[in-house]
Amino acid sequence: MPESTAHALQGEQPGESGVTVGAGRLLQNRLVLVEDLWQTVLRSECPPEQSARLLRLKQLSDPVALEGRDGDSTSEAIVELIRAMDLSEAIAAARAFSLYFQLINILEQRIEEDSYLDSLAPRKSAADDGRDAFDPFAPPLASQTDPATFGEVFERLRRMNVPPAQVEALLQELDIRLVFTAHPTEIVRHTVRHKQRRVANLLQQLQSDSPMAHQVKDDLRQQLEEEIRLWWRTDELHQFKPTVLDEVDSTLHYFQQVLFDAMPQLRRRLTSSLHRHYPDVQVPQASFCTFGSWVGSDRDGNPSVTTDITWRTACYQRQLMLELYISSVQALRNQLSISMQWSQVAPALLESLEMDRLRFPEIYERRAARYRLEPYRLKLSYILERLERTLKRNDQLSDAGWKSPKDAIPTDGPPGSEALHYTSVDQFRNDLELIRNSLIGTELTCEQLDTLLHQVHIFGFSLASLDIRQESTRHSDAIDELTRFLELPQPYGEMEESTRVAWLIEELRTRRPLIPTAVRWSDTTAETMAVFRMMHRLQEEFGQRICHSYVISMSHTASDLLEVLLLAKEAGLVDPAARKASLLVVPLFETVEDLQRAPAVMDELFNTPLYRDLLPMVGIQGQPLQELMLGYSDSNKDSGFLSSNWEIHQAQLALQELSSRQGVALRLFHGRGGSVSRGGGPAYQAILAQPSGTLQGRIKITEQGEVLASKYSLPELALYNLETVTTAVVQNSLVTNQLDATPSWNQLMSRLSARSREHYRALVHDNPDLVAFFQQVTPIEEISKLQISSRPARRKSGAKDLSSLRAIPWVFGWTQSRFLLPSWFGFGTALAEEVKADPDQLDLLRRLHQRWPFFRTLISKVEMTLSKVDLDLAHHYMNSLGKPEQREAFEAIFAVIATEYALTRKLVLEITGQPRLLGADQGLQLSVDLRNRTIVPLGFLQVALLKRLRDQNRQPPMSESPGAPEDTRTYSRSELLRGALLTLNGIAAGMRNTG
């Protein structure tokens, strides 16, 4: 099944089939209800004159309603209407359009969920009569880009005669890890998310195909209207800057509401499809797909993430899991009412009950009479007691903090005896397995118990593994300060790279401590060292699963990794003498230069016995595992979209060749963002576009905060995303092609990459006016004031250059002003020069688009972002917000951008053979067109508010005089900022992404 409209609007390109056309028709049909509800709420909540103007503003953005009217006059009418608004009405307009887009988003999510469920029906009916729903005209699996379900992939593999042993070998190695992040964080408040879910459920009921009485339909319609009115009266903006723990709470919401129940269903769907097509193949382990999180542990440039915050995050995650397990065990106790009078019970279970009676005499006294002949209920009562004691201890640990010694909180059992709480998840799982084995021994099964066991395998007590991330210079600075304190002949900061590596290896080999106690270090060094001690304490209490990966951003050299190992050794996480490490060091290569250098850096480390011995062993063959992260955001900001994607592609090939030669298993960690310029796009196509042979069943991917709601807010949406990610990994690993090794294609891409990078850097890095252009023409400064993240917009406070600006607000600013420049700039010039030099190259580019998944994915991403660019509106931003004295320089920059846009659009259409952008997908085209035209008033409104705000910042504020002419009105800065931030909310909802 192809990606549907909802995912496509985040820069995700669906497949080319009729499903999205059907989704487009559904959108048209269901849009009538949403439009009517929106208009009804506005008329109810706004004064008549105001609601009339807002509806007129919406009408002006609809070219169908205004057919025959030219665009310039329409824009002038919108500007005039906005200019006549006072601040309160401008804020109402921003809120109204934000509400509209969020309703459309909900509508499209429901359509996507319905489409996914419909796609499962033919498979089921085919299976019922022993047939397979096979499409003989489907493209070869090696070049298929439409997302496939488990049934489709396994069926295609069987028809291709892929041996069962090969399928089983891959499934046993299957290791998919999805890492949730908080940046770019969701711009929508947690409170509003609850209301959106309520609206979504009511819409689903109202638009159901099931027969429904008129009164029921009227009641549902009334409830919907009431819910949206409550939503209208709820503040969209955070009243305070969210803390890291607020972000943790927001992220864990998806686990609690959706993923805890969805994950066992995912494995059941895989198992069912596998048994239908490969009945003798062993199913993968329950934890073939697990989760990680950076929320509360990613400290790169975020001073709010402290050791105490990471400790509390781990405790909070365990609290959530324990509460979910307690609820599940209570439900299980209600279900397993088996009596010993009518069923046998395994001796092992009866023996455990006797031990529990001695351990928990008060539970026995309280429950034995009631459950005297119901052993399963009695056992589950003991399990509940242990879970509740574990939860109580977890609360004590959270309050005590990580600095409290391991024995600071006394155990809850008699002195010298085993603790009465669960000290590990294995103890809990063993108790559940005892019940399951007893049931199986009497030829009984319990799906509810199997589901719980799957959940325990997947989530444990920790829910998600916390990845620590820190920038590389923090470690070198700390070691430099240490060596200066120790008065070494040559301080670490003055050593050459080769000297550093030799010194680090020597220090790693020695057993003597390096860091003296009772020394007052600088704040940053003290915090850097404390992180490793906190990790050791976390693993002591929670086990290694909670926190064992340490990501080093801006990794450049081998010493960057060895520095982390040395600091970890001092904290007890690494023991080189015993060849043991409870820490996995993960380099993050981000810039183009670092990506090109990565194979040489890793080769040096793999040839260092001490480093290699500390890698964990995985798989049936027992290979050392190296996890390695590739950064999309900074490489794009550094060199542009095309160059970034090609360099990452090349780096993967080189790293996989290196790891195969060295006998090392490689797990690639893709730091993908939500937007195309930061690696975003449909996960299925992105995975298939990875070089053949580089995955081998292992992948790790970031799931950015801005896309969590669109992927995981509804159960079937979550299952669809998880299923297609898994099938893509299976497909990429088992169906290989040699297209990535075609020399002439690689040479072509290298030329395109180099020329694209040159053109991009000439504008972004070499033009002296670009920084001023970006700061004035986009809402970047206002974005930095938006209360959506605990992380600063810049790595260094006070700096105003591009190097200090994070990739997320860089993309956010260009997106809000409708340039979307990081997603496409440089692509057209590179293509044009190649075709100009040899016109026959256009035919080659068309063949590449048809046959090569990597190139096809590139084109589809560029096509998507080009379809969302609005240079007329972008020019309005420039004219209205740019300073007069820089008008000439800004016009020159805009001319370069406009020329590149026209060139890129022309060549993309020539390559795809379509008359207009997204021409191969009418459903997606309809949805993008709807958003593009409806978002226009919000852009004009944002410009007007930003202009007032910035003018206000240049003069003392004055009170507004009622009835005063527009040019004499002034407003308080806080009110103007609030209005501007509301437009940011609305445009983000309309564009379906922030950064």
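Analysis parameters
- Residues numbered from 1 in each chain as written.
- Predicted model: local features only at pLDDT ≥ 70, side-chain atom pairs only at ≥ 80, totals over all residues.
- Heavy atoms only, no water.
- Helix = DSSP H or I, 4+ residues; strand = E, 2+ residues; numbered from the N terminus.
- Buried < 20%, exposed > 50% of the residue type's maximum accessible area, 1.4 Å probe, protein only.
- Contact = heavy atoms within 4.5 Å.
- Areas by Shrake-Rupley, 256 points an atom, 1.4 Å probe, with all protein chains shown as cover.
- Core = buried A, V, L, I, M, F, W, Y, C linked by side-chain atoms within 4.5 Å.
- Phe/Tyr/Trp six-rings, centres within 6.5 Å; stacked < 30°, edge-to-face > 60°.
- Axes fitted to C-alpha atoms, helices over the stretch in contact; angles between N-to-C directions.
- Parallel < 35°, antiparallel > 145°, perpendicular 65-115°, else oblique.
- Nonpolar A, V, L, I, M, F, W, Y, C, P; charged D, E, K, R; others polar.
- Arc of directions from axis to C-beta.
- Salt bridge = Lys/Arg side-chain N within 4 Å of Asp/Glu carboxyl O.
- pLDDT = per-residue confidence, 0-100.
- Pairing = 2+ DSSP bridges.
- Lys, Arg positive; Asp, Glu negative; His and termini not counted.
- Polar contact = N/O pair within 3.5 Å; in protein donor to acceptor, adjacent residues only side chain to side chain.

K.L.:
Quick question: what am I supposed to make of the overall build of the protein here?
P.N.:
On a plain count of helices and strands, the protein comes out with 39 helices and 12 strands. A total of 995 residues make up the protein; the buried ones form 62% of that total. Of all intrachain contacts in the protein linking residues separated by at least 6 positions in sequence, the fraction that spans at least 24 positions is 82%. Per element, the accessible surface of the protein, about 37,900 Å² overall, is 50% carbon and sulfur.

K.L.:
Before we go on, may I ask you to explain the nonpolar core in this structure?
P.N.:
It is characteristic of soluble globular proteins that their nonpolar side chains tend to be buried jointly. Judged by nonpolar contacts, the single largest core of 127 residues is most densely connected at Phe773, Trp810, Phe819 and Ile897. With residues up to four places along the chain from it excluded, the contact list for Ile897 reads Leu763, Phe773, Phe819, Leu821, Trp824, Phe825 and Leu871. With 92 residues, the next largest nonpolar core counts Ile338, Val345, Ile435 and Leu695 among its residues.

K.L.:
Honestly, the packing of aromatic side chains in this entry has me stumped. Any pointers?
P.N.:
For any pair of aromatic rings, geometry is given as the distance between the ring centres together with the angle between the planes. A complete count under the given rule lists 38 aromatic pairs for this structure. Each ring, one from Phe360 and one from Tyr382, has its centre 6.1 Å from the other, and the planes form 25°; the classification is stacked. Taken together, the positions of Phe360 in the loop between α12 (347-359) and α13 (361-367) and Tyr382 in helix α14 (residues 375-400) put the pair 22 residues apart, joining distant regions of the chain. For the pair Phe360 and Tyr382, a shared accessibility class is recorded, and that class is buried. The interplanar angle of 55° and the centroid separation of 5.5 Å between the aromatic rings of Tyr422 and Phe428 together place this pair among those described as tilted.

K.L.:
Explain the packing of helix α29 (residues 770-777) against helix α36 (residues 887-912) here, please?
P.N.:
Angle between the axes and distance between the axes are the two parameters that describe a pair of packed helices. The contact between α29 and α36 brings their axes to 10 Å, and the two run at 90°. With respect to α36, the axis of α29 lies roughly perpendicular. Contacts from Leu770, Ala772, Phe773, Gln776 and Val777 of α29 reach α36 at Phe890, Ile893 and Ile897. Residue composition of the contact of α29 with α36, grouped by class: seven nonpolar, one polar and no charged.

K.L.:
Please clarify how helix α7 (residues 164-173) should be interpreted in this entry.
P.N.:
Residues three or four positions apart in an α-helix share a direction because the helix packs 3.6 residues into each turn. Turning to α7, its buried residues number three or more, namely Val167, Leu170, Leu171 and Glu173. In a view along the axis of α7, the buried residues occupy a sector of 165°, so they form one face of it.

K.L.:
Even after reading the chapter, I still don't get the pattern of salt bridges, so can you show me in this structure?
P.N.:
When the charged atoms of two side chains with opposite charge come close together, those side chains can pair. Tallied over the entire structure, the rule returns 52 salt bridges. In this structure, Arg357 and Glu354 form a salt bridge, with 2.5 Å as the shortest nitrogen-oxygen distance. Remark: Glu354 and Arg357 occur in helix α12; sequence separation between them is three residues, near one turn of the helix. A residue is classified by how much of its surface remains accessible, and Arg357, at 30% relative accessible area, is partly exposed. With a closest N to O distance of 2.9 Å, Glu910 and Lys906 form a salt bridge. One end of the pair, Glu910, and the other, Lys906, are both in helix α36, four residues apart, so they sit about a helical turn from each other.

K.L.:
Looking at this model, I keep getting lost on the confidence of the model for the protein. Mind explaining?
P.N.:
Low pLDDT means the predicted atomic positions in that stretch should not be read closely. On average, residues of the protein score 87 in pLDDT, and 88% of them reach the 70 mark or higher. Every residue in residues 1-19 is under pLDDT 50, and counting partners more than four places away or in other chains gives 90 contacts. Within the model, pLDDT remains below 50 along residues 123-132, and this stretch shows 14 contacts once partners closer than five positions in the same chain are excluded.

K.L.:
Honestly, the pairing of strand β8 (residues 584-589) in this entry has me stumped. Any pointers?
P.N.:
The side chains of a regular strand alternate, residue by residue, between the two faces of the sheet. In terms of burial, β8 is a largely internal element, six of the six residues being buried. Along β8, one buried face is formed by Leu584, Val586 and Leu588 and the opposite face, lined by Val585, Pro587 and Phe589, is buried too. Where strand β5 (residues 549-553) lies against β8, four bridges are found, and the strand directions are parallel. Bridging across to β8, Ser549 finds its partner in Leu584. Relative to strand β10 (residues 623-631), β8 runs parallel, the two sharing two bridges. The residue bridging Phe589 from the neighbouring strand is Leu630, located in β10.

K.L.:
What is the right way to look at the packing of helix α34 (residues 853-868) against helix α37 (residues 922-934) in this model?
P.N.:
Two numbers describe how α34 lies on α37: the axes approach to 9 Å, and their chain directions differ by 35°. Side by side, α34 and α37 meet where Met864, Ser867 and Lys868 of the first sit next to Leu924, Val928 and Asn932 of the second. Its residues assigned to classes, the contact of α34 with α37 shows three nonpolar, two polar and one charged.

K.L.:
Quick question: what am I supposed to make of the side chain of Lys637 here?
P.N.:
Within the fold, Lys637 resides in helix α23 (residues 633-639). No salt bridge is formed by the buried Lys637; the nearest opposite charge belongs to Asp634, separated by 4.8 Å. The residues contacting Lys637, other than those within four sequence positions of it, are Tyr760, His765, Leu802, Ser803, Leu805, Ala807 and Trp810.

K.L.:
Any chance you could explain unusual backbone geometry here in plain terms?
P.N.:
For residues other than glycine, phi is negative in most cases, and the peptide bonds are mostly trans. A positive phi is found at Glu487, a non-glycine position, where the angle reads about 55°. Within the secondary structure layout, Glu487 lies in the loop between α17 (472-485) and α18 (497-509). Relative accessible area serves as the criterion here: at 67%, Glu487 is assigned to the exposed category. Of note, the phi angle at Arg818 is positive, near 70°, even though the residue is not glycine.

K.L.:
For this particular structure, what's the right way to read the environment of Leu605?
P.N.:
The residue Leu605 is located in helix α21 (residues 592-606) in this model. Sequence separation between Leu605 and Thr557 is 48 residues, and the spatial gap between their C-alpha atoms is 9.7 Å. Not counting residues up to four positions away in its chain, the partners in contact with Leu605 are Ala558, Leu561, Leu562, Tyr611 and Arg612.

K.L.:
Honestly, the side chain of Ser559 in this entry has me stumped. Any pointers?
P.N.:
Take Ser559: it is sitting in helix α20 (residues 558-570). On the basis of relative accessible area, Ser559 is assigned to the buried category, the value being 0%. At 2.9 Å, the side chain of Ser559 and the side chain of Thr557 are in polar contact. Sequence-distant contacts of Ser559, that is, excluding residues within four places in its chain, are made with Tyr492, Glu497, Arg500, Val501 and Leu504.

K.L.:
I keep staring at the environment of Leu708 and nothing clicks. Help me out?
P.N.:
Along the chain, Leu708 turns up in helix α26 (residues 705-712). Given the relative accessible area of 1%, Leu708 is considered buried. Along the sequence, Leu708 and Tyr254 sit 454 residues apart, while their C-alpha atoms lie 7.9 Å from each other. In this structure, Leu708 is in contact with Phe180, Thr181, Thr251, Tyr254, Glu703 and Ser713, ignoring residues within four places of it in sequence.

K.L.:
When you look at the pairing of strand β2 (residues 289-293) in this model, what are you seeing that I'm missing?
P.N.:
The buried fraction of β2 amounts to five of the five residues, a majority that puts the element mostly inside the structure. With five bridges joining them, strand β1 (residues 175-180) and β2 adopt parallel strand pairing. For Ile176, the partnering residue across the bridge sits in β2 and is Cys289.

K.L.:
Whenever I open this one, helix α31 (residues 807-816) confuses me. Can you help?
P.N.:
Counting buried positions along α31 gives 10 out of 10 residues, so the element sits mostly inside the fold. Inspection of α31 places Ala807, Ile808, Pro809, Trp810, Val811, Phe812, Gly813, Trp814, Thr815 and Gln816 among the buried residues, and these make up the whole buried set. Once α31 ends, the next one or two residues include Arg818, with phi positive near 70°.

K.L.:
What is the right way to look at the environment of Ser553 in this model?
P.N.:
Topologically, Ser553 is positioned in strand β5. By relative accessible area, which is 1% here, Ser553 ends up buried. For Ser553 and Glu471, which are 82 residues apart along the polypeptide, the C-alpha to C-alpha distance reads 4.7 Å. When residues no more than four places from it in sequence are discounted, the contact partners of Ser553 are Asp300, Arg469, Gln470, Glu471, Ser472, Leu588 and Glu590.

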